[in-house]
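# A closer look at the structure
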Amino acid sequence: MTQVTAMLVMFVLYGMLPAAGLYLGYRGIKKVTAPKMLEYKAMPQLGYIPEKSLPVEVKTALDQINQKGEKLRVIYGDTNNDGKIDDKDTVNETYIMIQNLMDRHIPLAVADYRRLHDLDMGGGALADTTKIKHSNVTGKEALLDVLSTINTQFDDLLNASYHQDGQKLLATNRYLQQRFDNPIASTQIEHSSSQEIGNRDSGDATSSAIENPSNKAPKAEDIKL
């Protein structure tokens, strides 16, 4: 082993490997100790929220709104039923309202609560226990009221969509019943008509055969020996 090779081996063993170990150890410790972050895909404007900064009731309400809002966006946004929301879809007031709630009103309400939460140096107890001036609710209760109102509105929209689509199914069934009402009688009529046409064609053929017989007796001049 040459001197240069030996120096390279020493550099790898005593330089690069310890440095890589320290870096990986730092990343691992940072990942373990980092606070768990909440993400709501249907409401990207909320960003990543530390789990400890929201009460359990608020997280539950946001989870429900996130799921319902995602369904409602597809129901009221994908008007041409092609599986995606784009410029080909017709924008309606309901879809705009859903967008405003999820992109603007909910993120603002959560941000207001988090500011109240961060004002307290004792873990957020102020926002959960102290009544807001000129009201009878705490910061936590005020946020839950906002989320409850939106949650109820989303339930009403989903319920309305269910009944609307159900009425379409009922209308389709009524149409089919009227279209195919008494199928046996219809078949018999069609069969009788076919028989009449067949008999008429057969009678015409018989008359033609009588008038113009095809098996005429041969004439004497036609017979060749």
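So, how was this worked out
- Residues numbered from 1 in each chain as written.
- Predicted model: local features only at pLDDT ≥ 70, side-chain atom pairs only at ≥ 80, totals over all residues.
- Heavy atoms only, no water.
- Core = buried A, V, L, I, M, F, W, Y, C linked by side-chain atoms within 4.5 Å.
- Buried < 20%, exposed > 50% of the residue type's maximum accessible area, 1.4 Å probe, protein only.
- Helix = DSSP H or I, 4+ residues; strand = E, 2+ residues; numbered from the N terminus.
- Contact = heavy atoms within 4.5 Å.
- Salt bridge = Lys/Arg side-chain N within 4 Å of Asp/Glu carboxyl O.
- Axes fitted to C-alpha atoms, helices over the stretch in contact; angles between N-to-C directions.
- Parallel < 35°, antiparallel > 145°, perpendicular 65-115°, else oblique.
- Left-handed = near helix turned anticlockwise from the far one by under 90°.
- Nonpolar A, V, L, I, M, F, W, Y, C, P; charged D, E, K, R; others polar.
- Expected span 1.5 Å × (residues − 1).
- pLDDT = per-residue confidence, 0-100.

## Some details on the nonpolar core
A general tendency of soluble globular proteins is for nonpolar side chains to be buried together. Core analysis: the largest hydrophobic core is formed by 27 residues, its most contacted members being M43, L54, L62, I106, V110, L147 and F154. Elements that contribute at least two residues to this core include exactly α2 (56-77), α3 (93-119) and α5 (139-179). A total of eight residues in this core trace back to one element, the largest contributor, which is α3. Every residue in contact with L147, bar those within four places of it in the chain, is listed here: V58, A61, L62, I65 and I106.

## Observations concerning the pattern of salt bridges
Counting across every chain of the model gives seven salt bridges. Across the salt bridge formed by K59 and E51, the nearest N and O atoms sit 3.5 Å from each other. The class for K59 is buried, based on a relative accessible area of 15%. Across the salt bridge formed by K68 and D155, the nearest N and O atoms sit 2.7 Å from each other. With a gap of 87 residues between them, K68 in helix α2 and D155 in helix α5 connect regions that are remote in the sequence. For K68, a relative accessible area of 17% puts it in the buried group.

## Digging into the packing of α3 against α5
Close contact between α3 and α5 brings their axes to 10 Å; oriented N to C, the two are set at 165°. Judged by the angle between their axes, α3 and α5 are roughly antiparallel. In this structure, α3 crosses over α5, and the sense of that crossing is left-handed. Residue-level inspection shows T94, M97, I98, L101, M102, I106, A109, V110, Y113 and L116 of α3 in contact with α5, the latter providing G139, K140, L143, V146, L147, I150, Q153, F154 and L157. Partitioning the contact of α3 with α5 into residue classes produces 15 nonpolar, three polar and one charged.

## Comments concerning the packing of α2 against α3
The contact between α2 and α3 brings their axes to 9 Å, and the two run at 155°. Regarding the angle of α2 to α3, the classification is roughly antiparallel. Handedness of the crossing formed by α2 with α3: left-handed. Taken together, the residues of α3 that come into contact with α2 (itself represented by L62, I65, N66, G69, E70, L72, R73, Y76 and G77) are T94, Y95, I98, Q99, M102, D103, I106 and V110. Class assignment of the residues belonging to the contact of α2 with α3 gives a composition of nine nonpolar, five polar and three charged.

## Some details on α2
Counted at 1.5 Å a residue, the expected span for α2 with its 22 residues is 32 Å, and the 31 Å between its end C-alpha atoms agrees. Along α2, the residues classified as buried are V58, K59, A61, L62, I65, N66, K68, G69, L72, R73, Y76 and G77. On the buried face of α2, the contacting elements are β1 (37-38), α3 and α5.

## With respect to the confidence of the model for the protein chain
When the pLDDT values of the protein chain are averaged, the result is 76; 64% of them are 70 or greater. Segment residues 205-225: pLDDT under 50, and zero contacts once partners within four positions in sequence are set aside and those in other chains are kept.

## Section: unusual backbone geometry
A positive phi angle, close to 65°, is found at H134, a residue other than glycine. Within the secondary structure layout, H134 lies in the loop between α4 (125-129) and α5.

## Describing α5
For α5, built from 41 residues, the straight-helix expectation of 60 Å at 1.5 Å per residue is met to within 8% by its first-to-last C-alpha distance of 60 Å. By the burial criterion, the buried members of α5 are G139, K140, L143, L147, I150, N151, F154, L157 and S161. Contact partners of the buried residues in α5: α2, α3 and α4.

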